[in-house]
Amino acid sequence: MASEAPLLAHAPPLARWPGAITVFAAPDAFLQAACPMCSRRHLLEQHIAMGYYPYSELAAAATMKIPSASVGFCIKVITERGPFGIHYARIYADGVEVSHPELYNDGRYVVHGLHGFLRPLTHSCFDGPHHHHLTGRSAASSAATAASVLRIMIRDAMARLRDGGYGFVALAMRVKFAELDKLANLTLFALDDPAIFGGGGHDYVSAVRFHIVPNHRLTRADLHRLRPGTVLPTLAGEGQSLVVTHYATGSASSNDDVRINYIPIKEPDVVVNSRIAVHGVYVPFPRLHLADLAVASATDQTNGTCGVGEPFGDCASSAITSPKRQVAPGE
């Protein structure tokens, strides 16, 4: 399988996949004995899952279907726990035991060793029957496919955040899964666990939605293109937007060249996949009075020219003045 891996680098859908990859690796002995004439490339495609699925993620559910590199087909994962197996679970991928979980895991690529190999996949990634004779997709089917991709990307981001020191944020995404699942994509500004539990977490815990930009995936490169005064909507609702308060100077090596509500970016691109971008920040964002900004009129433009896939910078006009901190109720 390792010898065939380089051949898949430019093969669809892997060539277009920006997220993590999980490989269920079959030992050579099983392949040579049971399937010596099988196409190794085809076998490898069936053993690749599109997404980040470490042992903890696989063991978290009794059963789950995860999309494979064979378009339209999923690998069915079943977890079994014995009466005393509280901290250990037996995991089976399409009926084959995962005998060596996490042979390799660097946060983007995961390899699990199998006690055998996967037969041709038969599980559809869609609920209900899989009709191969259909010549086109209905709007409902296309919407279901898009929703399925977003769910995969949310789970991918949660797993990578949990393993990367952002466990609380991963938990918050799980709690708000139903709300996030309705979005086309999103940008999340996150505090790592040491910051959460070191005393600065209360303001963040109570205002997670204020740190989520819905329906826009802004990577570090996208943030660099934003001008001062660019207004970013948040899940907190109307009138609770974020503002770019410091412009990127052009230094690619500096992490704090873009500031949101005067807070610099601590760790850009903590997680980036096809639908989600996550950036680490030092402290929770303070709230600003948009009425005091010279670009307050740009707020309404976020529903106009700032469509998905368009640069947010198009919504900014002039530079901002010094915003005042918004007084929270009770202060």
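If you look the protein up in an unreviewed UniProt entry, it shows as FAS1 domain-containing protein from Aegilops tauschii subsp. strangulata.

### Observations regarding the environment of His47
Here His47 shows up in the loop between helix H2 (40–46) and strand S2 (48–50). Judged by its relative accessible area of 0%, His47 is buried. Sequence separation between His47 and Ala26 is 21 residues; the distance between their C-alpha atoms is 8.1 Å. Setting aside anything within four residues of it in sequence, one finds His47 in contact with Met1, Thr22, Val23, Phe24, Ala26, Ile75, Leu114, Phe117 and Leu118.

### A short note on the packing of aromatic side chains
For any two aromatic rings, the description comes down to two numbers: the centre-to-centre distance and the angle of the planes. A complete count under the given rule lists 1 aromatic pair for this structure. Residues Phe189 and Phe285 carry aromatic rings whose centres are separated by 5.3 Å and whose planes lie at 70° to one another, so their mutual orientation is edge-to-face. One end of the pair, Phe189, is in strand S9 (residues 186–190); the other, Phe285, is in the segment after strand S15 (276–281), with 96 residues separating them in the sequence. You'll find Phe189 and Phe285 in the same group, each marked buried.

### A few points about the pattern of salt bridges
Across all of its chains, the model carries 7 salt bridges by this definition. Ionic pairing is found between Arg151 and Asp181, a salt bridge with its closest N-O pair at 3.2 Å. You can see Arg151 sitting in helix H4 (residues 139–163) and its partner Asp181 sitting in the loop between helix H6 (177–180) and S9, a full 30 residues away along the chain. Its relative accessible area of 32% is what places Arg151 among the partly exposed residues. In this structure, Arg160 and Asp156 form a salt bridge, with 3.1 Å as the shortest nitrogen-oxygen distance. Highlighted residues: Arg160 and Asp156, both in helix H4, separated by 4 residues, approximately one helical turn. On the basis of relative accessible area, Asp156 is assigned to the buried category, the value being 2%.

### A word on the sheet that holds S15
Spatial strand order, S10-S9-S15-S14-S13-S12-S11: 7 strands in an open sheet with mixed pairing. Edge strands, defined here as strands with exactly one partner in the open sheet, are strand S10 (212–214) and strand S11 (231–232). Inspection of the sheet shows strand S13 (residues 259–260) paired to strand S14 (residues 263–272) by 2 bridges, in the antiparallel sense. Bridging across to S14, Arg259 finds its partner in Pro264.

### Notes on the pairing of strand S3 (residues 63–67)
Across 5 bridges, the pairing between S3 and strand S4 (residues 73–80) is antiparallel. Note that in S4 the partner of Met64 across the bridge is Val77. Adjacent in sequence and paired antiparallel, S3 and S4 are bridged by 5 residues, among which Gly72 carries a positive phi angle near 90°.

### Things to note about a nonpolar patch on the surface
There is a patch of nonpolar side chains on the surface, built from Leu103, Tyr104 and Tyr109 and spanning about 320 Å² of accessible area. Following the sequence through the fold, Leu103 ends up in strand S6 (residues 96–105). Residue class for Leu103 comes out exposed when judged on its relative accessible area of 54%.

### With respect to the environment of Ile21
Mapped onto the elements, Ile21 comes out in strand S1 (residues 21–25). Accessibility expressed as a relative area gives 14% for Ile21, which makes it buried. Taking C-alpha positions, Ile21 is 9.4 Å from Ala69, a pair spaced 48 residues apart along the chain.

### What about the side chain of Gln46?
Within the secondary structure layout, Gln46 lies in helix H2. We classify Gln46 as buried; its relative accessible area is 4%. When residues no more than four places from it in sequence are discounted, the contact partners of Gln46 are Ser68, Ser70, Ile75, Leu118, Arg119, Pro120 and Leu121.

### A few points about unusual backbone geometry
Phi is positive for Asp94, which is not a glycine, with a value near 50°. Position of Asp94 relative to the elements: it lies in the loop between strand S5 (90–93) and S6. The partly exposed category is assigned to Asp94, whose relative accessible area is 23%. Positive phi, normally seen in glycine, also occurs at Asp269, with a value near 55°. Note that Asp269 resides in strand S14.

Conventions we followed
Residues numbered from 1 in each chain as written. Predicted model: local features only at pLDDT ≥ 70, side-chain atom pairs only at ≥ 80, totals over all residues. Heavy atoms only, no water. Helix = DSSP H or I, 4+ residues; strand = E, 2+ residues; numbered from the N terminus. Buried < 20%, exposed > 50% of the residue type's maximum accessible area, 1.4 Å probe, protein only. Contact = heavy atoms within 4.5 Å. Phe/Tyr/Trp six-rings, centres within 6.5 Å; stacked < 30°, edge-to-face > 60°. Salt bridge = Lys/Arg side-chain N within 4 Å of Asp/Glu carboxyl O. Pairing = 2+ DSSP bridges. Patch = residues over 30% accessible without salt bridge, like charges linked within 9 Å, V, L, I, M, F, W, Y side chains within 5 Å. Areas by Shrake-Rupley, 256 points an atom, 1.4 Å probe, with all protein chains shown as cover.

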